[in-house]
Amino acid sequence: MKHVTKVWRLGLGALLIGAGLSACSNPESSSPVISGWSTPGGDSGKRFYSPLQQINRDNVDALGYAWEFDLEVSRGQESTPVIVGETMVVSTNLGRVYGIDPVTGQERWRFVPQVDMQVNRTACCDQVNRGVAVKGNSVFVGTLDGDLVALDARDGRVLWQADTLAGTTDRGQNITGAPEVAGDVVIIGHGGAEYGVRGYVTAFDVNTGEQKWRFFTVPSDPADGPQHNAALETAVPTWQGDVKWEHGLGGTVWDAIHYDPQFDVVYIGVGNGGPYHAMKRSSEGGDHLYLSSIVALKPSDGSVVWHYQTTPMDSWDFTATAPMILTDLNIDGEQVPALIHAPKNGFMYVFDRRDGKLLKANAIVFQNWTKGIDPETGKAIIDFEQADYFASPKVIYPATPGARNWHPASYNPDTGLYYASVQELGNLILTTPGDKPYRAKALGADAALVYTSDLLNILPGMPPFIGDAVKALPVYERIEKGGDNSYLRAIDPLTGATVWSVPSTSWQDRAGVLTTAGGLVFHGDASGKFTVYDAATGEELHSLQTGTTIMAAPMSYSIDGEQYIAVTAGWGGGGWPYVPRAAASYKYENNGRLLVFKLGGGAVPLPKELPAMTVAPEPPPMPEGADPVNGFNLYMSSCVLCHASQQRTMAADLRRMEPITHEMFDRILLEGIYVSLGMPRWDDLFTPQDVKDIHAYLISEQQKTRAHELKLQERGLPLDAVNSGVLSSY
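Along each chain, residue indices are assigned from 1 in the same order as the chain's sequence is written. Two thresholds apply to this predicted model, a pLDDT of at least 70 for residue-level local features and 80 or more for giving and counting side-chain atom pairs, whereas whole-chain, interface and lining totals are computed over all residues. Computation of side-chain values covers all heavy atoms of the structure but excludes hydrogens and water.

The number of helices and strands found in the protein is 12 helices and 42 strands. For 730 residues, the compact-globule estimate of 2.2 N^0.38 gives 27 Å, and the protein sits close to it at 25 Å. With the C-alpha coordinates of the protein rotated into their principal frame, the extents come out at 80 × 60 × 50 Å. In what follows, residue pairs with any heavy atoms lying within 4.5 Å of each other are defined as contacts. If you take every contact in the protein between residues at least 6 apart in sequence, the share linking residues at least 24 apart comes to 64%. Numbering of helices and strands starts at the N terminus; helices are DSSP runs of H or I of at least 4 residues and strands are runs of E of at least 2. The reference for a compact globule is 2.2 Å times residues^0.38; the radius of gyration itself is calculated from the C-alpha atoms.

Strands are treated as partners if at least two bridges between them are detected by DSSP. The strand order 30-31-34-35 describes an open sheet built from 4 strands, whose pairing is antiparallel. Every interior strand has two partners, whereas the edge strands, strand 30 (410–412) and strand 35 (498–503), have only one. Taking the axes of each pair of neighbouring strands and ignoring which way they run, one obtains an average angle of 25 degrees across the sheet. Note: strand 30 against strand 31 (residues 417–424), 3 bridges, orientation antiparallel. Across the sheet, residue Tyr411 finds its bridge partner in strand 31, namely Tyr418. Here an axis means a line fitted to C-alpha atoms, over the contact stretch when the element is a helix, while the angle between two N-to-C directions is reported on a 0 to 180 degree scale.

Each nonpolar core is a collection of buried residues, namely Ala, Val, Leu, Ile, Met, Phe, Trp, Tyr and Cys, held together in the definition by side-chain atoms within 4.5 Å. Each residue is assigned to one of three classes by its accessible area relative to the maximum for its type, calculated with a 1.4 Å probe on protein chains only: buried under 20%, partly exposed between the two thresholds, exposed over 50%. The biggest cluster of nonpolar side chains holds 37 residues, and the ones touching the most others in it are Met88, Phe522, Tyr557, Leu594 and Phe597. Taken together, the elements giving at least two residues each to this core come down to strand 4 (63–70), strand 6 (87–92), strand 7 (96–100), strand 37 (520–524), strand 38 (529–534), strand 40 (555–559), strand 41 (562–569) and strand 42 (593–599). Ranked by the residues each element gives to this core, the list is headed by strand 41, at 5 residues. Setting aside anything within four residues of it in sequence, one finds Leu594 in contact with Trp67, Glu68, Phe69, Leu71, Pro81, Met88, Val90, Ile100, Ala566, Val567 and Thr568. One finds Val265, Trp306, Met324 and Ile396 within the second-largest nonpolar core, a separate group that totals 32 residues.

Confidence of the predictor in every single residue is expressed as pLDDT, which spans 0 to 100. When pLDDT is averaged along the protein, the result is 93, and 95% of the positions lie at 70 or above. Throughout residues 3–29 the model reports pLDDT below 50, and contacts reaching past four residues in sequence, or to other chains, amount to 31 contacts. With pLDDT under 50 throughout, residues 723–730 is counted as low confidence; its partners more than four residues away or in other chains account for 20 contacts.

A few words on the sheet that holds strand 19 (residues 265–269). Pairing is antiparallel in the open sheet, where 4 strands are placed in the order 18-19-21-22. Unpaired on one side and paired on the other, strand 18 (257–260) and strand 22 (304–309) mark the two borders of the sheet. Mean inter-strand twist for the sheet, computed between neighbouring axes without regard to direction, equals 15 degrees. Strand direction decides the pairing type here: strand 21 (residues 293–297) and strand 22, joined by 5 bridges, are antiparallel. Bridge pairing in strand 22 links Val295 to His307.

What follows covers the packing of aromatic side chains. Between 30 and 60 degrees the pair is tilted, below 30 it is stacked and above 60 it is edge-to-face, where a pair is any two Phe, Tyr or Trp rings, Trp via its six-membered ring, whose centres lie within 6.5 Å. In this structure the tally under the stated criterion is 26 aromatic pairs. On the numbers, 4.9 Å between centres and 15 degrees between planes, the contact of Phe530 with Phe597 is stacked. In this pair, Phe530 is assigned in strand 38 and Phe597 in strand 42, connecting sequence segments 67 residues apart. Each of the two residues, Phe530 as well as Phe597, counts as buried. When the ring centre of Tyr487 is taken as reference, the NZ or CZ atom of Arg489 above it lies at 4.6 Å. By the criterion adopted, a ring carries a charge over it if an Arg CZ or a Lys NZ lies within 6 Å of its centre and within 35 degrees of its normal.

What follows is about the state of the cysteines. By disulfide we mean two sulfur atoms from cysteines, separated by a distance within 2.5 Å. Tallying each qualifying case throughout the model produces 1 disulfide. Put simply, Cys124 and Cys125 are joined by a disulfide, and their sulfur atoms are 2.4 Å apart. Its S-S torsion of approximately -85 degrees makes the covalent link between Cys124 and Cys125 left-handed. Of all cysteine sulfurs in the structure, the one in Cys642 sits closest to Cys639, which takes part in no disulfide; the separation is 8.8 Å. Overall, the relative accessible area of 10% leaves Cys639 in the buried class. Since its relative accessible area comes to 21%, Cys642 is described here as partly exposed.

Counting buried positions along strand 40 gives 5 out of 5 residues, so the element sits mostly inside the fold. A two-sided burial pattern is seen for strand 40, the buried positions comprising Met555, Tyr557 and Ile559 on one face and Ser556 and Ser558 on the other. Relative to strand 40, strand 2 (residues 34–35) runs antiparallel, the two being bridged by 2 bridges. Bridge pairing in strand 40 places Ser35 opposite Ser558. In this structure, the hairpin formed by strand 40 and strand 41 is closed by a connection of 2 residues, where Asp560 is found at a positive phi of approximately 50 degrees.

Before going further, it helps to spend a moment on the environment of Ala652. Relative to the elements of secondary structure, Ala652 occurs in the loop between helix 8 (628–638) and helix 9 (659–663). Ala652 sits in the partly exposed class, given a relative accessible area of 43%. The spacing of Ala652 and Glu671 is 19 residues in sequence and 18 Å in space, taken between C-alpha atoms.

Written out as structure tokens, the structure is:
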């Protein structure tokens, strides 16, 4: 078990905090009345809808800055605050948690876990944390390296801590998602499907942290004995032929765990398989249960109540981990307790929560991986001619980032509409022949991706057989037209039809949504613009420039009847090093912030601007006996996920290393001298010769970059002019 630290603010502030808590417990005191958003997602259905309406269409133009809280990090912010008693609780990177006075924005307490930073090796999509779970005065949070921690919301005291990896093999599991309380247990999953992990969720006693049960999402090797339960025995025949059990096979539940108190069921959204292509996991394919599925479990013992597989034979990273919404819908004149789910695969599904029956399934974006949904079986009809890239490259819509992803949507019962960030994007996918051996804590997707937004620029530099194959595809005409992007959309959940749509700044620009009884939609974007729309029409009513990228969903609460809107801000998440030009973090420092707004507030203070770009330094000579071609292959298979070839990036641009970094290059990779800073060691995977080869490749890239930027400087052009070297990092 790992140690944790909790750091208090000292001195007069601590005395005032104690006095404030004492006053709050006195019913005769004049403590403010704080209400709203006492549960993650706003209510038990996680509709991200607030019944507050003091802020409305008529006065929202007076919305302004109230206060902010410094989250003290410079990575992605994906969590939404929650009000627990009289404290605002918000989580941030690595599993840190802050208790904040929602009236003044002053810190009351903080929890800082001691995280093994080597976990960054397998945290594909940043050090983010998507929130906490709450029961009474207990707050539950997952740490990036796999612990589940219970805190007292009143003072941040650790109540208990559990290792969620206990009883399994540590293959690179990490936690970025929020836990979920389901009665007397709290349930958590993990990420890592691309790193040889076998997915599972674990339930712990809310009071003691004792493990109660665990549900694995994919079977174990039958040669090792019986499965853990009957549901897994049922799943075994869906893995056909020679199954690569040693790869773990994926199915991680890295988000989307939702308890339904009405039916005492917890729904989990299961992730993708690893490796990506189904035939790489089992030689004769199969549906591969329970990958890319919604599975309903009994919280008492983890047994399966029902399941539905959104993407049979998943080969496209079409996880079912997008947030679900529970609400009542009027379907054919009957009020139906429904579950709305729009996963990565481009469809929106509506289920009857009473029995799991599929009621509706409609595409909400352009997709070419299916011919539709079979009306009799409810199963997707895969279009293998368009979508199977096992033997030849294909361009598949949606792309692996998904039509929908982790960004919370909102269902507004007043309008009957579903509001969400939706992506219209495809990607070229190709794989290489033959089976690849399992490599511990190494990326094992065995697939290369190029997004359609960049494909026309990159295709001329690819091998001719790939270019010819892509140009022969029916979807190539769409790619030539361009225009793939992300959008904020209002969607009819029963038909999938878009009622209104607003384009984002780029395909990378997606954020969570809040709607309110005031007839409003609140939504941030990558540029730092926080915008309020008319929920009925999509008309922009008001906006504020914050100078910080917003990806998270906002929330709303009130103090003595005065309504506030709060949202966390900071660029990061999947693709975190690849900062788009329209992003605030391309211009301003990427300081994580909690921003709070109210009527009559002022302008938002902007962060400090980034320094001017500079020409890449002169690199050292090429080391003798190095093979930069091998270095390129190793870099692209292991390093490019975190290191972008662009100046404005969250991690180091390794084409512009300073002399001291070149001198310490071997020690950084083989000895881990920067592990505490988030740069993992690689001595278990790379030999000293491998490291020399990678270094040689980067020196050659630095030489090219410097020469290119000196020419740009001579011509008076910006140093970030786009070139194929930048785009190739995708």
